[in-house]
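# Structure assessment
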Amino acid sequence: MRDFARSENAKVQAQLDRLGRLSVPDGRLGLHTIRALLERLGNPHHKLPPTFHVAGTNGKGSTCAFLRAMLEAEGYKVHMTTSPHLVRYNERIRVAGELISDDRLADLLAEVLDAGEDLNPSFFEVTIAAAFTEFARVPADVCVVEVGLGGRFDATNVLEKPAACGIAALGIDHERFLLAPEEGTPDVPIARIAFEKAGIAKPGSSLVTLSYPDEATHEVETAAARNGAPLAMRGREWSMSESGTGLHYSDRHGELVLPLPSLPGPHQPENAALAVAMLRHQDYISISRDALAEGIRTATWPARLQRLAPGPLTGDREIWLDGGHNPSAGAILGKHFAGQRLHLVVGMLDAKDPTAITGPLGDSISTVTVVPVPGHDWHPACTFGDEAREAQDVPTALAALPDDGLPVLIAGSLYLAGEVLRLNDELPD
């Protein structure tokens, strides 16, 4: 499976075409290639400002969004790299608060691709090398770095001394890559996932986490001890609860009452609290309670339980968009829409399990319309049940739905979500 990437800028597209021709390094594990590439680029990862490194199956992107919003509310300039992009590749590299420009991106990708031409790097390794190279050149106060896949062998794991590392929610995803046991690694799925994510632990850098089942907790504790990383786990070193008045957070520094996130979804208070905990379990930068609160109120993260604005695709209809595609994401959708009826428009990669989305939504589903995921192999309607219909694209699917006032949920793939945002003129900025 390849990441898609396209641009209206000819110079950028020429480099994206080069990225698209890179071979997929199936079976290659380790950080040798990314380290060799970064060495040729002057080891930019050694020259970054204080960095917050975030892993997790679900919620790591939202946690990064909260971190960025909190830090910017304090007045800091923030570099950030996240993945995947939704509409434009530029979304992966945010430089001092702004998406990288097309002209700079074209030159940067050319430089990195030229440097690694004989190394056979992956799409993601080139992306991370490009991000770190630009981050080392442009002044900023802080970096926020999202892990791409796993943690232990992720290209971002070349970071040697982050200000803090964080692990968001754990769940089963990317089974092909993360669940094949190796000698000396756990064979219980959730423990295996925790083992991979906790591979970002670094000596002297706080490892800040949520709470997990016992098997996963054991792996996180073991990784923290092995790497000399002070562990700060929810329910032990810090706690969070919700009430009608806000989010109640507590740790060794004291108690805070913060607003509930504006980001919808029952999971977002936990992601916001994880960001707060990461900032309060490090000594590199200071941040005020007011900045934490403002960041919680203002953070945005598109295609994660996002209600689409009126636009060319939606008209006046209530349409929700979510790129979730695994059981944990499905559980969040099921909880959010519990007690409601909705029309589901779904497109899922053929490597994913359709019941991850349809199962938790259960009786909330009035109709199911299956659409292709542009540029990828996808599940046809028959895998979603006898009553599922198929449409050639999202606009056709929406046009065929009854005008009954029920909301619509478009879900199943971030690739599909990016196409929906493009069609509705809601480009992430």
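Refer to the preceding data block for the structure.
Residues numbered from 1 in each chain as written. Predicted model: local features only at pLDDT ≥ 70, side-chain atom pairs only at ≥ 80, totals over all residues. Heavy atoms only, no water.

### Observations regarding the pairing of strand E1 (residues 51–55)
The condition that has to hold: Remark: exposure states derive from per-residue accessible area (1.4 Å probe, protein chains only) relative to the maximum for the residue type, with buried under 20%, exposed over 50%, and partly exposed in between. By the criteria applied, helices consist of DSSP H or I runs no shorter than four residues and strands consist of E runs no shorter than two, each listed in order from the N terminus. For two strands to count as paired, DSSP must find a minimum of two bridges between them.
The buried count for E1 comes to 5 of 5 residues, which makes it a mostly enclosed element. Side-chain alternation along E1 places Thr51, His53 and Ala55 on one buried face and Phe52 and Val54 on a second face that is also buried. The sheet contact formed by E1 and strand E5 (residues 142–146) spans 4 bridges and is parallel. The residue of E5 that forms the bridge with His53 is Val145. Pairing analysis gives 4 bridges linking E1 to strand E6 (residues 164–167), with the strands arranged parallel.

### What about the pattern of salt bridges?
This is how it is decided: Salt bridge, as used here, is a side-chain nitrogen of Lys or Arg placed within 4 Å of a carboxyl oxygen of Asp or Glu.
Applying the stated rule across the entire model yields 16 salt bridges. A salt bridge links Arg192 to Glu196; the shortest N-O distance between them is 3.1 Å. Separated by 4 residues within a single helix, Arg192 and Glu196 lie in helix H7 (residues 189–197), roughly one turn from each other. Each member of the pair, Arg192 together with Glu196, is buried. For Arg317, the salt bridge goes to Asp404, with nearest N and O atoms at 3.5 Å. One end of the pair, Arg317, is in the loop between strand E12 (306–307) and strand E13 (319–322); the other, Asp404, is in the loop between helix H13 (394–400) and strand E17 (408–411), and 87 residues separate them in sequence. For Arg317, a relative accessible area of 21% puts it in the partly exposed group. When its relative accessible area of 39% is taken as the criterion, Asp404 is described as partly exposed. Each member of the salt-bridge network shares a partner with another, and the members are Arg6, Glu419 and Arg422.

### Some words on helix H14 (residues 414–423)
Defined as follows: Between two residues, a contact is recorded if the distance between any of their heavy atoms is within 4.5 Å. Nitrogen and oxygen atoms within 3.5 Å of one another constitute a polar contact, given that in protein one can donate a hydrogen and the other can accept it, and given that sequence-neighbouring residues count only through two side-chain atoms.
Within H14, 8 of the 10 residues are buried, which leaves the element mostly enclosed by the surrounding structure. Every buried residue of H14 is accounted for by Leu414, Tyr415, Leu416, Ala417, Gly418, Glu419, Val420 and Leu421. The secondary structure elements touched by the buried residues of H14 are E12, E13, strand E14 (342–346), H13 and E17. If you check the start of H14, you find a side-chain oxygen 3.0 Å away from the backbone N of Tyr415, and it comes from Ser413. Looking at the residues trailing H14, positive phi occurs at Asp425, about 55°.

### Notes on the sheet that holds E17
Strands sit in the order E12-E13-E17-E14-E15-E16 across an open sheet of 6 strands; the sheet is mixed. Among the strands making up the open sheet, the edge pair consists of E12 and strand E16 (389–390). Direction of pairing for E12 relative to E13: antiparallel, over a ladder of 2 bridges. In the strand pairing of E13, Gln306 is matched with Leu321.

### Notes on the sheet that holds strand E3 (residues 93–95)
Defined as follows: Comment: axis = line fitted to C-alpha atoms, over the contacting stretch for helices; angle = value between 0 and 180 degrees taken between N-to-C directions.
Ordered in space as E4-E3-E2-E5-E1-E6-E7-E8, the 8 strands form an open sheet in which the pairing is mixed. A strand with exactly one partner marks an edge of an open sheet, and here the two such strands are strand E4 (98–99) and strand E8 (231–233). Strands in contact with helix H3 (residues 60–73) are E1, strand E2 (78–81), E3 and E5; relative to E5, the strand with the most contacts, it is inclined by about 170°. The sheet contacts of helix H8 (residues 214–227) involve strand E7 (206–209) and E8, and relative to E8 the element is tilted by about 155°.

### Describing the pairing of strand E10 (residues 246–251)
Remember that side chains alternate between the two faces of the sheet whenever the strand is regular. Relative to E10, strand E9 (residues 238–243) is paired through 6 bridges, and the arrangement is antiparallel. Residue pairing across strands places Glu242 opposite Leu247, the latter belonging to E10. Taking the residues that link successive antiparallel strands as the turn, the E9-E10 hairpin has 2 residues. Following E10, the chain reverses through 2 residues before pairing antiparallel with strand E11 (residues 254–258).

### Thoughts on the packing of aromatic side chains
Applicable threshold: The rule is short: rings of Phe, Tyr and Trp, with Trp giving its six-membered ring, pair when the centres are within 6.5 Å, and they are stacked under 30 degrees, edge-to-face over 60, tilted in between.
Tallied over the entire structure, the rule returns 3 aromatic pairs. Both rings, one in Trp238 and one in Tyr249, keep their centres 5.8 Å apart while their planes meet at 25°; by these two values the pair is stacked. Residue Trp238 is found in strand E9, and its partner Tyr249 is found in strand E10; the two are separated by 11 residues along the sequence. The pair Trp238 / Tyr249 is uniform in exposure class, with both members buried. Between Trp320 and Phe337, the ring centres sit 6.0 Å apart and the planes meet at 85°, which makes this aromatic pair edge-to-face. Linking Trp320 in strand E13 with Phe337 in the loop between helix H11 (327–336) and E14, this pair joins segments that are 17 residues apart in sequence.

### Section: the side chain of Asn9
Along the chain, the position of Asn9 falls in the segment before helix H1 (10–20). Look at Asn9 and you get buried, because its relative accessible area is 19%. Those residues in contact with Asn9, other than ones at most four positions away along the chain, are Asp102 and Asp103.

### Observations concerning the environment of Pro44
Here Pro44 is to be found in the loop between helix H2 (32–40) and E1. Pro44 gets classed as buried once you look at its relative accessible area, which sits at 3%. Each C-alpha atom of the pair Pro44 and Ala130 lies 9.4 Å from the other, and the pair is 86 residues apart in sequence. Not counting residues up to four positions away in its chain, the partners in contact with Pro44 are Leu38, Phe132, Thr133 and Ala136.

### Looking at the side chain of His85
With respect to the helices and strands, the residue His85 is situated in the loop between E2 and E3. Overall, His85 belongs to the buried group, its relative accessible area being 2%.

### Brief notes about the state of the cysteines
Let me state the cut-off plainly: The rule for a disulfide is simple: a pair of cysteine sulfur atoms within 2.5 Å.
With the rule as written, the count across this model stands at 0 disulfides. Residue Cys143 stays outside any disulfide, its sulfur separated by 11 Å from that of Cys64, the closest cysteine.

In short, the description is geometric, and any link to function would need to be established separately.
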